[in-house]
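What the coordinates show
In case you want the letters, here they are:
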Amino acid sequence: VIAESHEGRPTKLEGNAGHPSSLGSTDARTQAEVLGLYDPARSTTIRYIQQTRSWSDFTAAISGEIRALEALQGEGLRFLTGAMTSPTFEAQMQAILARFPQAKWHRWQPAAPHAARAAAIASFGSGVETVYDFTQAKVVLSLGADFLTQGPGSIRYARDFSQGRRPRTDGGAMNRYYAVESTPTASSTIADHRMILAPAELEAFALAVAGAVGVAEASAPGNALPEKARAWVAAVAADLQANAGACAVVADPYGSVELQILAHAMNQALGNAGITVSYPPGVEVDPVDHLASIGELGRDLAAGQVEMLVVLGANPVYDAPAELRFGEVMKKAKSRLHWGLYDDETAELCQWHVAGTHELESWGDAFGHDGTASLIQPLVEPLYSGKSAIEMLGVFHDKTDASGYDLVRETWTARLAGAGDFEKVWKKALHDGVIAGGSAESGAVSFGSGAVAPAAQAIVSRLAANSSGKASAAALPLLFRPDPTLGDGSLAPNAWLQELPKPITKLVWDNGLIVSPKTAQDLHLTMEGMAEIQVGGRKLEVGVWVQPGHADGCATLHLGHGRRKAGPVGTGHGFDAYRLRTAETLDATVVSVKPLAGRYVFANTQNHHLLESGAQEYKTATEEVKIRQPVKTGTFPEFARLKAGERLGQEHGEVGGEGHAEAEPATLFPQTWEYNGHARGMSIDLSACTGCVACVIACQAENNIPIVGKEQVLKGREMHWIRIDRYFAGDLDDPQFLNQPVPCMQCELAPCEVVCPVAATTHSEEGLNDMAYNRCVGTRYCSNNCPYKVRRFNFFRYANHDVPVLKLMQNPDVTVRMRGVMEKCTYCVQRIHQVKINAKVAQRPITPGEIVTACQQACPTEAIVFGDQNDPAWEVSRRKAQPSNYALLEELNTRPRTTYLAKITNPNPQLSGAERS
């Protein structure tokens, strides 16, 4: 990423267009890191047993212990970290282990893909990461993977995959995407075909497809699959084989080891290795078995073999496997040191806590998802008396006062020895963000087919053991998955992420036991009812969330909630899934469940801003009955058959959208706007939108949008200027998901403008529906008159003006609104004017694509584009000329300047009834 700063204050993060892991885009968690920097709940000091100390106090106090440990060659010294990809951190640890040969470095990342690493070792002999090239994939089969919105390479994968989702009328092809899953994922919302299967059925399906595409010793018992799944096997296998070498099979990294081995085997059998999938040997899922590592540390602590425990950034008291009882055994270590951004559950039990520095205020380095090396450089001096992780490690190998800059530079001086003029390479790396010649080592790995037969046999054995295939209240499969916004829970203190609606459920500030409607009925569970789940003597009371599209006969519980000590924002929300999670059941377990009395109120945003008549019938002068269709859909064959000038959906009698109306509709509005200069507009491609919500939080960071808290969200008062509406189509038990980002439509004939008594909302000469905040008196007439429900009202003083550090976070180019005013999307008018000013100063015209809104810049799939509709050189003009272009609620004749491209799917004709249009 790169950062925007004002007067030395970082205010916004964007993707580095020159880095292969982002290509200029970001995700929601990256956008939220700005708030992480300025979070007033961060640790600000070094403390010893709740007493403030200085860095010199800390180093002086532990120097004697370090010398004593050195005399013992480090026996009893233990380090615990999360997953690390920093070469400098690795070099620091190796220097420490050389000084203390008996010391041990343990690693624990609770939501790391442990099964993916095991599958890679079984398949290739090492824990290599699978890297995909979706630009070369014409067909993709996903086995439960959320590969477009979660994981290290998801931003790049979303960008590459979306390039094949843009249908063209010039005969260009469109890729095809099959999603088979138990838990609904954001990625599957743009699939051409989606099938929901219970976990055991998903494994059986993968086994059957593997056998059909030529993987030896892979075949599933015929009775293990539902009828629909059996029909899919032949069609999907045939499509994959017809595109051998130009397809990809992606498995859920949190699925079983056997499922992922089968995915590797299928990619090998189909000839995808080296084309759509690769296995860079220097890029590993993780070089260490985290589960074995944390288990060894837990046993050593329980046995009293640890003299000094140094925890760097990890929080095992909260998220270690439950049977380790880490909060109890950790107390047996005589000396306990914790480094981190927050005084969390683990820091609470340590004598020393050293406040950590944020990435935006410290030097560092890292490898990307494909092994690309990058430097991390600070934009601001540390706000508090903290130290970076590598500076903390310097205490243990005689570099107590070394700066982060010196340590990083030392590492790369050694790594780039022989690369020529180091100063030149160093300065270029600082400028580009990518280190030329610094990537992980290259080489080759080969697939060992010996893992396939044991994997197939294990799946068959599990199917036989559960021959009934039915779950019950006494034996319900439960899947553990990282939370879509909070991840493993380390981001729980971040208020932006807590209040960010999750892509599928639209829940905020909570998690819940997610079950399908049928499973809820079978187990007598109710929406927002309470339930008790139990496994191995461990119990957890949870709220129930009934989710259409979830597989029957299983449940999902997201990790990362139920924090006990995560600051005023992150503490006490949701339910702690880690209490049920053991070393044997990291990703799934079988629980008993029973309903309880009582109700748990979830905050869910899906129905807060309804398009009031969205599903109702109404009458018009020309048609007696019509049903509003906010999301228009079609198939690629329908799109390809269109002739010049035709519009998708015309055969169904739909009203023409912008640029397609046959006659000028009558209007009561007093004027029609003419634009002899620029005409700003936006286009959103629904074929590419995954609903990942990156745009929502990018808008929040750019426009100083406050959070309001769960209580206010329950009243429908969330302040996000752009929302992602999620619709269901088809059967309730097996729906198609439809995403629709909805910012202000910037209507040409805006109903809000004519009702404002103080002219706070007006029409600009370039077509924007502007807001003068200091003129607004809060009548809310404009909101009542808006059919799109995109205006937000400051009911209270949501923006925090009292905490000084939060003032540093505000974007000075955008007014911080006061209580009692209406606010909404402005097309990032501040960015528009900045580009206009720059062009005027340089005495040049604005170049096509130069103005980029915050939502557009963040979007990984480039679903959102903005620009000048009057200039055909802008991408927005080309999109609006496409036959799939339409306006939301166009029959109201508000003439929105934000329009949509209909969602186009590319169904397989062999799958009967699969076309949904």
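Rules and cut-offs
Residues numbered from 1 in each chain as written. Predicted model: local features only at pLDDT ≥ 70, side-chain atom pairs only at ≥ 80, totals over all residues. Heavy atoms only, no water. Helix = DSSP H or I, 4+ residues; strand = E, 2+ residues; numbered from the N terminus. Rg over C-alpha atoms; globule rule 2.2 N^0.38 Å. Buried < 20%, exposed > 50% of the residue type's maximum accessible area, 1.4 Å probe, protein only. Contact = heavy atoms within 4.5 Å. Areas by Shrake-Rupley, 256 points an atom, 1.4 Å probe, with all protein chains shown as cover. Lys, Arg positive; Asp, Glu negative; His and termini not counted. Charge placed at Lys NZ, Arg CZ, Asp CG, Glu CD. Salt bridge = Lys/Arg side-chain N within 4 Å of Asp/Glu carboxyl O. Pairing = 2+ DSSP bridges. Axes fitted to C-alpha atoms, helices over the stretch in contact; angles between N-to-C directions. Parallel < 35°, antiparallel > 145°, perpendicular 65-115°, else oblique. Left-handed = near helix turned anticlockwise from the far one by under 90°. Nonpolar A, V, L, I, M, F, W, Y, C, P; charged D, E, K, R; others polar. Phe/Tyr/Trp six-rings, centres within 6.5 Å; stacked < 30°, edge-to-face > 60°. Lys NZ or Arg CZ within 6 Å of the ring centre and 35° of its normal. Polar contact = N/O pair within 3.5 Å; in protein donor to acceptor, adjacent residues only side chain to side chain. Expected span 1.5 Å × (residues − 1). Core = buried A, V, L, I, M, F, W, Y, C linked by side-chain atoms within 4.5 Å. pLDDT = per-residue confidence, 0-100.

1. Section: the overall build of the chain
Of the regular secondary structure elements, the chain holds 27 helices and 39 strands. Taking 29 Å as the expected radius of gyration for a compact globule of 917 residues, we find that the chain reaches 28 Å, a close match to that expectation. Expressed as lengths along the three principal axes of its C-alpha atoms, the size of the chain is roughly 90 × 65 × 65 Å. Looking at the chain as a whole, 59% of its 917 residues are labelled buried. A fraction of 75% describes how many contacts in the chain between residues 6 or more apart in sequence connect residues 24 or more apart. Carbon and sulfur atoms make up 52% of the accessible area of the chain, which amounts to about 35,200 Å² in all. If the 84 positive side-chain charges of the chain are averaged to one point and the 100 negative ones to another, these points end up 3 Å apart.

2. Section: the pattern of salt bridges
If you walk through the whole model with that rule in mind, you get 42 salt bridges. Arg 462 is the partner of Glu 203 in a salt bridge, and the nearest nitrogen-oxygen pair spans 3.0 Å. With Glu 203 in helix α6 (residues 199–212) and Arg 462 in helix α15 (residues 452–465), this residue pair connects regions lying 259 residues apart in the sequence. For Arg 462, a relative accessible area of 37% gives the class partly exposed.

3. A short note on the sheet that holds strand β4 (residues 51–53)
Backbone-to-backbone hydrogen bonds pair the strands of a sheet. The strands run either parallel or antiparallel. In space, the seven strands of this open sheet follow the order β4-β3-β15-β14-β13-β5-β6, with mixed pairing throughout. Looking at the sheet topology across the chains shown, the edges are occupied by β4 and β6 (104–107). Looking at each pair of strands side by side, their axes are set apart by 20 degrees on average, direction ignored. In terms of strand pairing, strand β3 (residues 46–48) meets strand β15 (residues 352–355) through two bridges, oriented antiparallel.

4. Some words on the side chain of Thr 853
Tracing the backbone through its elements, the reader meets Thr 853 in the loop between α25 (829–841) and α26 (854–858). Apart from residues lying up to four places away in sequence, Thr 853 is in contact with Met 682, Tyr 827, Cys 828, Arg 831 and Phe 866.

5. Looking at the packing of α6 against α15
In the contact formed by α6 and α15, the axes pass within 10 Å of each other and the chain directions differ by 140 degrees. With respect to α15, the axis of α6 lies oblique. Handedness of the α6/α15 crossing: left-handed. Every residue of α15 that contacts α6 at Ala 200, Glu 203, Ala 204 and Leu 207 is listed here: Ala 456, Ile 459, Val 460, Arg 462 and Leu 463. For the contact of α6 with α15, the residue count by class is seven nonpolar, no polar and two charged.

6. Some points on the pairing of strand β2 (residues 9–14)
Across the six residues of β2, six count as buried, placing the element largely inside the fold. Summarising the sheet, strand β1 (residues 2–6) and β2 pair through five bridges and their orientation is antiparallel. By the bridge assignment for β2, Ile 2 is matched with Glu 14. Once β1 ends, the chain turns through two residues before running back antiparallel as β2, passing Glu 7 with a positive phi of about 55 degrees.

7. Description of the packing of aromatic side chains
Across all of its chains, the model carries 29 aromatic pairs by this definition. Aromatic pair Phe 147 and Phe 161: ring centres 6.0 Å apart, planes at 90 degrees, arrangement edge-to-face. Residue Phe 147 is found in the loop between β8 (139–143) and α5 (154–163), and its partner Phe 161 is found in helix α5; the two are separated by 14 residues along the sequence. You can call Phe 161 buried: its relative accessible area is 1%. Ring geometry for Tyr 405 and Trp 426: centres 5.9 Å apart, planes at 80 degrees, overall edge-to-face. Note that Tyr 405 is positioned in helix α13 (residues 404–415) and Trp 426 in helix α14 (residues 422–432), a separation of 21 residues in sequence. The exposure class assigned to Trp 426 is buried, which follows from its relative accessible area of 4%. One residue, Arg 409, lies across the ring of Trp 426, its end atom 5.6 Å from the ring centre.

8. Examining the side chain of Arg 879
Following the sequence through the fold, Arg 879 ends up in helix α27 (residues 875–880). On the basis of relative accessible area, Arg 879 is assigned to the buried category, the value being 4%. Only 2.9 Å separates the side chain of Arg 879 from the backbone oxygen of Glu 862, close enough to count as a polar contact. Beyond its immediate sequence surroundings of up to four residues, Arg 879 is in contact with Arg 166, Ser 683, Asp 685, Glu 862, Ala 863, Ile 864, Val 865, Asn 885 and Leu 901.

9. Here we look at the packing of helix α4 (residues 114–124) against helix α8 (residues 257–269)
Contact geometry of α4 with α8 gives a least axis separation of 8 Å together with a crossing angle of 45 degrees. The angle between α4 and α8 falls in the class oblique. You can see that α4 and α8 cross each other, and the crossing is right-handed. When α4 is examined against α8, the residues Ala 115, Ala 116, Ala 118, Ala 119, Ala 120, Ala 122, Ser 123 and Phe 124 are found in contact with a partner set consisting of Val 257, Gln 260, Ile 261, His 264 and Gln 268. Among the residues forming the contact of α4 with α8, the class breakdown is nine nonpolar, four polar and no charged.

10. Let's talk about helix α7 (residues 227–242)
Its 16 residues give α7 an end-to-end C-alpha distance of 24 Å, which sits within 8% of 22 Å, the value for a rise of 1.5 Å per residue. All buried positions along α7 are accounted for by Ala 229, Trp 232, Val 233, Ala 235, Val 236, Ala 237, Asp 239 and Leu 240.

11. As for the nonpolar core
Within the largest apolar cluster, 85 residues are counted, with the highest numbers of intra-cluster contacts made by Trp 496, Tyr 788 and Tyr 900. With six residues, helix α1 (residues 28–38) is the largest single contributor of residues to this core. Filtering out sequence-adjacent residues up to four positions away, Trp 496 remains in contact with Gln 31, Ala 32, Val 34, Leu 35, Ile 697, Gln 700, Ala 701, Ile 705, Ile 707 and Met 809. Residues Ala 204, Leu 207, Leu 270 and Ala 456 belong to the second largest nonpolar core, which totals 41 residues.

12. Considerations on α1
For α1, the tally of buried residues reaches nine of eleven residues, placing the bulk of the element in the interior. Looking only at α1, the buried set comprises Ala 28, Thr 30, Gln 31, Ala 32, Val 34, Leu 35, Gly 36, Leu 37 and Tyr 38. For α1, the secondary structure elements touched by its buried residues are β2, α16 (495–498), α20 (694–702), α24 (804–807) and α26.

13. Description of the confidence of the model for the chain
Taken over all residues, the pLDDT of the chain has a mean of 89, while the share at 70 or more is 93%. The low-confidence segment residues 613–622, where pLDDT is below 50, has 15 contacts with residues more than four positions distant or belonging to other chains. Counted against residues more than four places away or in other chains, residues 651–662, with its pLDDT under 50, gives 26 contacts.

14. Focus on the sheet that holds strand β10 (residues 193–196)
An order of β10-β9-β8-β11 is seen for the four strands of this open sheet, with the pairing classed as parallel. Edge positions in the open sheet fall to β10 and β11 (247–251), since each of these has one partner strand only. The average undirected angle you get between the axes of adjacent strands in this sheet is 10 degrees.

15. Considering the environment of Thr 81
Looking at the secondary structure, you find Thr 81 in strand β5 (residues 77–81). Discounting chain neighbours no more than four positions away, the residues touching Thr 81 are Phe 89, Trp 105, His 106, Arg 107, Trp 108, Leu 312 and Ala 314. Looking at Thr 81, its side chain comes within polar contact range of the side chain of Trp 105, at 3.0 Å.

16. A short note on unusual backbone geometry
Note: most residues except glycine have negative phi, and most peptide bonds are trans. The backbone of Asn 704 sits at a positive phi, close to 55 degrees, despite the residue not being glycine. Locating Asn 704 in the fold gives a position in the loop between α20 and α21 (710–714). A relative accessible area of 9% means that Asn 704 is categorised as buried. Although it is not a glycine, Glu 862 adopts a positive phi angle of roughly 55 degrees. On the secondary structure map, Glu 862 appears in the loop between α26 and β36 (864–868).

17. With respect to the environment of Ser 54
You can see Ser 54 is positioned in the loop between β4 and α2 (55–71). Expressed as a C-alpha distance, the spacing of Ser 54 and Ser 385, which sit 331 residues apart in the sequence, is 8.1 Å. Engagement of the side chain of Ser 54 in a polar contact is seen with the side chain of Asp 57, the distance being 3.0 Å.

18. Some details on the environment of Ala 91
Along the chain, the position of Ala 91 falls in helix α3 (residues 87–99). Overall, Ala 91 belongs to the partly exposed group, its relative accessible area being 35%. For the pair formed by Ala 91 and Arg 797, sequence separation is 706 residues and the distance between their alpha carbons is 49 Å.

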